[in-house]
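Understanding the architecture of this molecule
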Amino acid sequence: MTKKIIIAIDGHASTGKSTLAKTLAQQLNYVYIDSGAMYRAVTLFAVKNNLNAEQIIDHLDEISISFDVSGQVFLNEENVSEEIRGMRISERVSEFAAIAPIRHKMIQIQQGYGKDKGVVMDGRDIGTAVFPEAELKLFMSASPEIRAKRRFEELKLNQDVSYEEVLKNILDRDEKDSSRKINPLRKATDALVIDNSHQSKEEMLQYALKLVEKALN
Ligand code: DC
């Protein structure tokens with residue numbers, strides 16, 4: 001049987017983690033899991049039900065999150081892939097991602113996806129907390145301005161949002177995600193840093209594929 005590994009991709013907001021993770025998974029025929037989408041789905045549940053960070057703890061059993069093969073995200077059977085990307089959710093997600101019982105539940109589900117290996121997962125704590133034993137760990141970074149510009153170009157297609165708002169949200173989430181008490185965003189000591197400020201998607205993919213090859217041998 002061909003050897004399969006776990007690939008953990010962490011980094012700041014909008015560094016291109018999910019684009020790289022998704023294409024890597026396609027190339028390798030691995031499962032791709034967007035762990036940020038899970039925290040976003042929980043946040044959407046809270047927002048829709050008017051629950052604050054304390055209240056949601058009593059409702060975690062009512063939340064079920066799943067993905068289909070194409071990576072669409074479902075919250076209690078409803079496809080929420082578009083809705084969770086909106087600024088309304090981006091502005092609240094770091095608040096809910098800092099809550100211990102929520103992280104506990106998400107990490108359990110995420111570890112389940114890694115049972116048979118052959119998974120690429122991106123997030124903030126994948127290499128440090130979810131899969132500390134992952135065979136390949138990447139940590140992605142890029143300048144905040146470049147990240148905001150890329151994100152703004154995507155968002156402006158279907159949202160009324162300014163570049164300044166996107167930049168502020170990115171800086172704000174970086175700060176909150178890095179300073180929270182539980183599993184903050186950190187580079188795992190054995191993670192390889194990829195700064196993609198000036199790299200194309202294709203260059204990044206080729207570089208990552210070489211790293212996978214090394215990890216497999
Ligand atoms: O990857 P993303 O930007 O969609 O993630 C949304 C938020 O979810 C991010 O600001 C922090 C949180 N998150 C987290 O705390 N841990 C993860 N493994 C993934 C995301």
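Quick notes on the rules
- Residues numbered from 1 in each chain as written.
- Predicted model: local features only at pLDDT ≥ 70, side-chain atom pairs only at ≥ 80, totals over all residues.
- Heavy atoms only, no water.
- Helix = DSSP H or I, 4+ residues; strand = E, 2+ residues; numbered from the N terminus.
- Rg over C-alpha atoms; globule rule 2.2 N^0.38 Å.
- Buried < 20%, exposed > 50% of the residue type's maximum accessible area, 1.4 Å probe, protein only.
- Contact = heavy atoms within 4.5 Å.
- Areas by Shrake-Rupley, 256 points an atom, 1.4 Å probe, with all protein chains shown as cover.
- Lys, Arg positive; Asp, Glu negative; His and termini not counted.
- Charge placed at Lys NZ, Arg CZ, Asp CG, Glu CD.
- Core = buried A, V, L, I, M, F, W, Y, C linked by side-chain atoms within 4.5 Å.
- Polar contact = N/O pair within 3.5 Å; in protein donor to acceptor, adjacent residues only side chain to side chain.
- Near = heavy atom within 4 Å.
- Nonpolar A, V, L, I, M, F, W, Y, C, P; charged D, E, K, R; others polar.

1. Focus: the overall build of the protein
Within the protein, the regular secondary structure consists of nine helices and eight strands. For 217 residues, the compact-globule formula gives about 17 Å, and the C-alpha radius of gyration of the protein, at 17 Å, lands near that figure. Burial analysis of the protein (217 residues in total) assigns 49% to the buried set. Looking at the protein alone, contacts between residues at least 24 apart form 74% of all its contacts between residues at least 6 apart. Entry remark: accessible area of the protein is about 11100 Å², with carbon and sulfur atoms responsible for 50%. Both charge centroids of the protein, one from 30 positive and one from 33 negative side chains, sit 4 Å from each other.

2. Overview of the nonpolar core
One finds I56, I63, I65 and I102 to be the most contacted residues of the largest nonpolar core, which totals 37 residues. The set of elements that each furnish at least two residues to this core consists of β1 (6–11), α2 (35–48), β3 (65–67), β4 (73–75), α4 (93–97), α5 (100–113), β6 (119–123) and α6 (126–130). Contacts of I63, omitting those with residues within four sequence positions, involve V42, F45, I56, L75, N76 and K105. Core analysis: the second largest hydrophobic core is formed by 20 residues, A21, L205, L209 and V212 among them.

3. Side note on the side chain of S81
Its location among the elements puts S81 in the loop between β5 (78–79) and α3 (87–90). Overall, S81 belongs to the buried group, its relative accessible area being 15%. Here the side chain of S81 touches V73 through a polar contact of 2.9 Å, landing on its backbone nitrogen. Side-chain polar atoms of S81 contact the side chain of N79, separated by 2.6 Å.

4. With respect to the site of the ligand
Taken together, 16 residues are adjacent to the ligand, and R40, R103, D125, D177 and R180 come closest. At 2.7 Å, a side-chain N or O of R40 approaches an oxygen atom of the ligand. For the ligand, an oxygen atom lies 3.0 Å from a polar atom in the side chain of R124. Here the ligand, which alone exposes 450 Å², has 96% of that area covered by the protein. Put simply, the parts of the chain that give the shell around the ligand at least two residues each are α2, α4 and α8 (163–179). By residue number, the principal contributor to the shell around the ligand is α2, which donates four residues. Classifying every residue of the shell around the ligand by side-chain character gives four nonpolar, four polar and eight charged.

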